[in-house]
Every structure is written in structure tokens, then in C-alpha cells.
Amino acid sequence: MKIALIGNGAIAKLVTQFCATRASTLTIVGALGLAADTQSVGAHPVVYKLADLLALKPDLVVECAGHSAVEAYAAPVLDAGIDLVIVSTGSLADKKLYDLVKAAADRSTAQVKLPAGALAGVDALASGKLAGLTKVTLKSAKPPKAWKGTPAEKTHNLDAITERTVIFSGTAREAALTFPKNANVAATAALAGVGFEQTMVHLVADPGVTQNVHRLEAEGTFGSMQLEIQNNPSPDNPKTSHMAALSLMRMIENEAAGILI
Ligand SMILES: NC(=O)c1ccc[n+]([C@@H]2O[C@H](COP(=O)([O-])OP(=O)(O)OC[C@H]3O[C@@H](n4cnc5c(N)ncnc54)[C@H](O)[C@@H]3O)[C@@H](O)[C@H]2O)c1
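Residues numbered from 1 in each chain as written. Predicted model: local features only at pLDDT ≥ 70, side-chain atom pairs only at ≥ 80, totals over all residues. Heavy atoms only, no water.

(A) Main features of the overall build of the protein chain. When you go through the protein chain residue by residue, the secondary structure sums to nine helices and 13 strands. At 18 Å, the protein chain has a C-alpha radius of gyration in line with the 18 Å of a compact globule built from 261 residues. In terms of overall dimensions, the protein chain has a C-alpha envelope of 50 × 40 × 35 Å along the principal axes. Of all 261 residues assigned to the protein chain, the portion counted as buried reaches 49%. Long-range pairs, those at least 24 residues apart, make up 69% of the contacts in the protein chain with a sequence separation of at least 6. (Helix = DSSP H or I, 4+ residues; strand = E, 2+ residues; numbered from the N terminus. Rg over C-alpha atoms; globule rule 2.2 N^0.38 Å. Buried < 20%, exposed > 50% of the residue type's maximum accessible area, 1.4 Å probe, protein only. Contact = heavy atoms within 4.5 Å.)

Right, dumping it as C-alpha cells:
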């Protein structure tokens, strides 16, 4: 299977390394990057125009770049009839962009595939939804300093937080749009479960944690669940959980596997 990446950063590097270990089935043919991406994270070329990426005839395009890349490239990739994996799921909290991507997928033979990313329990949430979910809540906790550079700086003195403090509560839509750099997990929970308006999100500054901790709680006809994941950062980007790249690897491996799980 020929895979093209959009992005040439931390996730792209891990995915490239993984594909090298599956060289008989998975080949990265190229990556689309920004002007700053002068050095490839693998043996494949970096290109700067979508047309040049599509000229490499990929079977699958994997976005691991950011929200702007989904905006720029999702619809054209689908219009070219190529399946697209989107890891920057937070981009889809923008209803206009979601509608654009959905319309492109509907008119194409190709599909959009959303990995679980840094969130655990997406399979159970999406399965539980089939029998009806009554309540879905996501609690995302990080050390106080990890919220620097976000709107939490305006509402809280992050340096003075000494105990677990909820810095934001609202719907997944509000969470994703207010905290765009932290939007992916909230959006994935919403997309897998009861949607952006019905999924409640609490963002927490917790001096007692050192990792990014996501706790997904759901109730419905299936029963109830409380699942928590404590994510280590990825080796090359402390803001990205290692699990995000791992979930992409699993999705890509499944594309070429005889038995999928
Ligand atoms: N679903 C999840 O749980 C989850 C978790 C972590 C990260 N992510 C997403 O993955 C993305 C990539 O993470 P990373 O750690 O590899 O980031 P990174 O900053 O290490 O790398 C991003 C790469 O994409 C390139 N890029 C950015 N915008 C682009 C554009 N418009 N067109 C082409 N290339 C572009 C950058 O130049 C860089 O090479 C993040 O931006 C985030 O949206 C999702």
C-alpha cells in the first residue's frame, strides 16, 4: 500500500519509522509540508503542493499536520478518490469545515477515517451509541503549566494553582473552539458518541499529574463506562501524546491486514 503523509513532524516521523518495519506492505511515497519542512523525516521526498503529492499515486493519504491542512486538503484528496485519515479531528468542530468534508466524502468513492488518537474507549463509545447513549463526559487533565498559552491564562493564575482545578466546562463544541490546540480529543469523543452539543467537557489543571490524562465517562443502554488514559508525550513533540501516532499506526496496519482489530 502506498501512503502519502500531510505533515513532516513528530507524528509523521513515528509513522514513517513504523512503515519501515512493515516495508513489504506499507510504503511512504511522500509527504506534503510547509516551506519550513526542508528535511524529510524519512527516505521519502517532501513536496509543497497537493498536486505533487497526488502525482505520487498514493492509495491512502494520512493527515498529521494540523487544522489548516484539513481545511486546505481534505476535500481535494477526497475529490481525487483517495481515502483520507484525519488525525487533527478537532478541525471538524468547525461546522462549516465538517459539512465541507462530509459533502466531499458523500460525493466521492473515498472515505474519511478518524483514528482514536490520544483517547481511549472510542470503540466502546461508538458501539454503545448504536443502542443509545444518555450521557457522555470527557475530563481532560494536564499540569497547570501545560495550559499556558491557552485562554485559561486569562481566567486563572496558572502559576498559583496548587490543587485540581476545573478551568473550563462546556460542550465539546465550545471546548474545541475555545481551546483549539487541545481540541482533538474532545472532538473525537463527540464524533464517536453523541455529537458536539451533547458531549460535556471539563478541562482541568492538576498539579498532581505529569501526563495528559483523559477520562471518558458514558452511560447508555449498553451500561456505563469510565475509562482513563495517562498519555506520555511523543518523543519529538511534548504537546503531542505518543498514543496519537500509535493509533495511526494501527489504523494504517489494518488497511493492509487480513485480520483487523
Ligand atoms: N487526534 C489526536 O488525539 C491528536 C493528538 C495529537 C496531535 N494531533 C494532531 O496531529 C497534528 C500533528 O502533530 P505533530 O506532533 O506531528 O505536530 P508537529 O508540529 O510535530 O508537526 C506538524 C507538521 O505538519 C506540518 N504542517 C502544518 N500545517 C501544515 C499545512 N497546512 N500543510 C502542510 N503541512 C503542514 C508542519 O510543518 C510539520 O511538519 C497536530 O497538529 C494535531 O492537530 C491529534
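There is more to say, and it comes next.
(B) Focus on the domain arrangement of the protein chain. Parsing the protein chain into structural domains produces domain 1 (2-114) and domain 2 (122-238). The gap between the C-alpha centroids of domain 1 and domain 2 is 25 Å. With 14 residues of domain 1 at the interface, the matching set in domain 2 holds 14 residues. A combined buried area of about 950 Å² lies between domain 1 and domain 2, and 65% of that area is made up of carbon and sulfur atoms. The three residues of domain 1 that bury the most area against domain 2 are Ala 10, Thr 89 and Ala 93, which together make up 44% of that side's buried surface. Here Asp 236 makes a salt bridge to Lys 13, at a shortest N to O gap of 3.0 Å. One can count five residue pairs in polar contact (both at pLDDT 80 or more) joining domain 1 with domain 2. At the level of secondary structure, the elements contributing two or more residues to the side of domain 1 that touches domain 2 comprise α1 (10-20) and α4 (95-107). Per-element accounting of the side of domain 1 that touches domain 2 gives the leading share, three residues, to α1. (Domains from an automatic or database assignment. Buried area = accessible area lost by both parts, 1.4 Å probe. Salt bridge = Lys/Arg side-chain N within 4 Å of Asp/Glu carboxyl O. Polar contact = N/O pair within 3.5 Å; in protein donor to acceptor, adjacent residues only side chain to side chain.)

(C) Representation of the environment of Asp 159 within the structure. Along the chain, the position of Asp 159 falls in the loop between α6 (152-155) and β8 (165-171). Taking the C-alpha atoms as reference points, Asp 159 and Asp 106, separated by 53 residues in sequence, lie 48 Å from one another. In this structure the side chain of Asp 159 is engaged in a polar contact, spanning 2.8 Å, whose partner is the side chain of Lys 148.

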